[in-house]
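Commentary on secondary and tertiary structure
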Amino acid sequence: MEVIYEQEPGGFSGQAVTFEVRNGERLHVLHPAQIVAFRGAAGSRSDKLMNVKGMYRKRKLIRAEFTGPCRLVAAMPPAVALKTIRLSAETDLLYDFRHLFFYTEGVHMESRLLSVKNMMITRDAVKMKFSGTGEIGILTQGQVLELPLDPEEPLYVEAGCLVAYPENAKLELSVYGNHLASQHMKYQWKITGRGHALVQASGGSRELERDLNESDGIVKRFLREAIPFGGVFIK
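Here's what I pulled together on the structure shown here. Because the structure is a prediction, the values reported are computed rather than measured.

1. Observations regarding the overall build of the protein chain
Summing up its helical and strand segments, the protein chain has six helices and 19 strands in all. Residues counted as buried form 37% of the 235 residues belonging to the protein chain. A sequence separation of at least 24 residues applies to 69% of the contacts in the protein chain between residues at least 6 apart. For the protein chain, the accessible area works out to roughly 13,900 Å², and carbon and sulfur atoms hold 55% of it.

Take a look at the structure:
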């Protein structure tokens, strides 16, 4: 199967993704409402009810199955991007099932129960591990980076930006820097292990945009930075 990404310069109009499903190939799409164009035999598409686990995790009832040869186009909204990941024998990444947009035939899924501490932090009890041969499509907000992990030196990632991490990785909720730094940052995942973590560039805050546009005096800006939670109380 071939996946073709088409996007206008500037990226303000969203992303169009074309799927070329070859003869004998099978594609499973978990958000069929995003399909805006299709070419092929009408019988190439077969919609099916998800199982109970899929309904709960995706908040969806229907998935669509496409059998090649056919061609379809899916539309992504401006704030959402689709990343294709090819699986290999060494793949051991854990994903949030809600981020899954498609998978091809030959991909297998296994549930991994999180620790009680991680359940409370992520508000999710289960992550998905994909294995086998094929491709999966992950929905993200912003560009996706593949950052290497180290067993000793931790990688700190903003908690809401972590897309996937290896099954062997150790995660702790943390902050870093001195006392002032820790007061002004969002919670971070402190990650150690082997392999790579997938991180979406959707974090940060509106602070940079605000600083470029605001006309506040230096005293107000200093108080925002110096006082704990000053950005909340001083507008």
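That was the structure; now back to the text.
2. Topic: the pattern of salt bridges
A side chain with one charge can pair with a side chain of the opposite charge if their charged atoms come near. In the structure shown here, the tally under the stated rule is 13 salt bridges. Note that glutamate 65 and arginine 26 form a salt bridge whose closest N and O atoms lie 3.7 Å from each other. One end of the pair, glutamate 65, is in strand 6 (residues 62-67); the other, arginine 26, is in strand 3 (residues 26-29), with 39 residues separating them in the sequence. Looking at glutamate 65, the relative accessible area reads 9%, which means it is buried. Under the relative-accessibility criterion, arginine 26 is labelled partly exposed at 33%. Lysine 48 is the partner of glutamate 65 in a salt bridge, and the nearest nitrogen-oxygen pair spans 3.2 Å. Highlighted residues: glutamate 65 in strand 6 and lysine 48 in strand 5 (residues 45-49), separated in sequence by 17 residues. A network of salt bridges, in which partner residues are shared, links Arg26, Lys48, Arg63 and Glu65.

3. Examining a nonpolar patch on the surface
Where nonpolar side chains cluster on the molecular surface, the patch consists of Leu49, Leu61 and Ile62 and spans about 300 Å² of accessible area. For leucine 61, the position within the fold is in the loop between helix 1 (52-58) and strand 6.

4. Looking at the nonpolar core
In this structure, Tyr95, Leu100, Phe130, Ile136, Ile138 and Leu198 are the most contacted members of the largest nonpolar core, which totals 19 residues. Those elements that place two or more of their residues in this core are strand 9 (93-95), strand 10 (100-104), strand 12 (126-132), strand 13 (135-140) and strand 16 (162-166). Here this core takes three residues from strand 12, the largest share from any one element. Beyond its immediate chain neighbours, meaning those up to four positions away, tyrosine 95 contacts Ile85, Lys127, Met128, Phe130, Ile136, Ile138, Val163, Ala164 and Leu198. Counting residues in hydrophobic clusters, the runner-up holds 18 residues, among them Phe19, Val29, Cys70 and Phe102.

How each quantity is defined
- Residues numbered from 1 in each chain as written.
- Predicted model: local features only at pLDDT ≥ 70, side-chain atom pairs only at ≥ 80, totals over all residues.
- Heavy atoms only, no water.
- Helix = DSSP H or I, 4+ residues; strand = E, 2+ residues; numbered from the N terminus.
- Buried < 20%, exposed > 50% of the residue type's maximum accessible area, 1.4 Å probe, protein only.
- Contact = heavy atoms within 4.5 Å.
- Areas by Shrake-Rupley, 256 points an atom, 1.4 Å probe, with all protein chains shown as cover.
- Salt bridge = Lys/Arg side-chain N within 4 Å of Asp/Glu carboxyl O.
- Patch = residues over 30% accessible without salt bridge, like charges linked within 9 Å, V, L, I, M, F, W, Y side chains within 5 Å.
- Core = buried A, V, L, I, M, F, W, Y, C linked by side-chain atoms within 4.5 Å.

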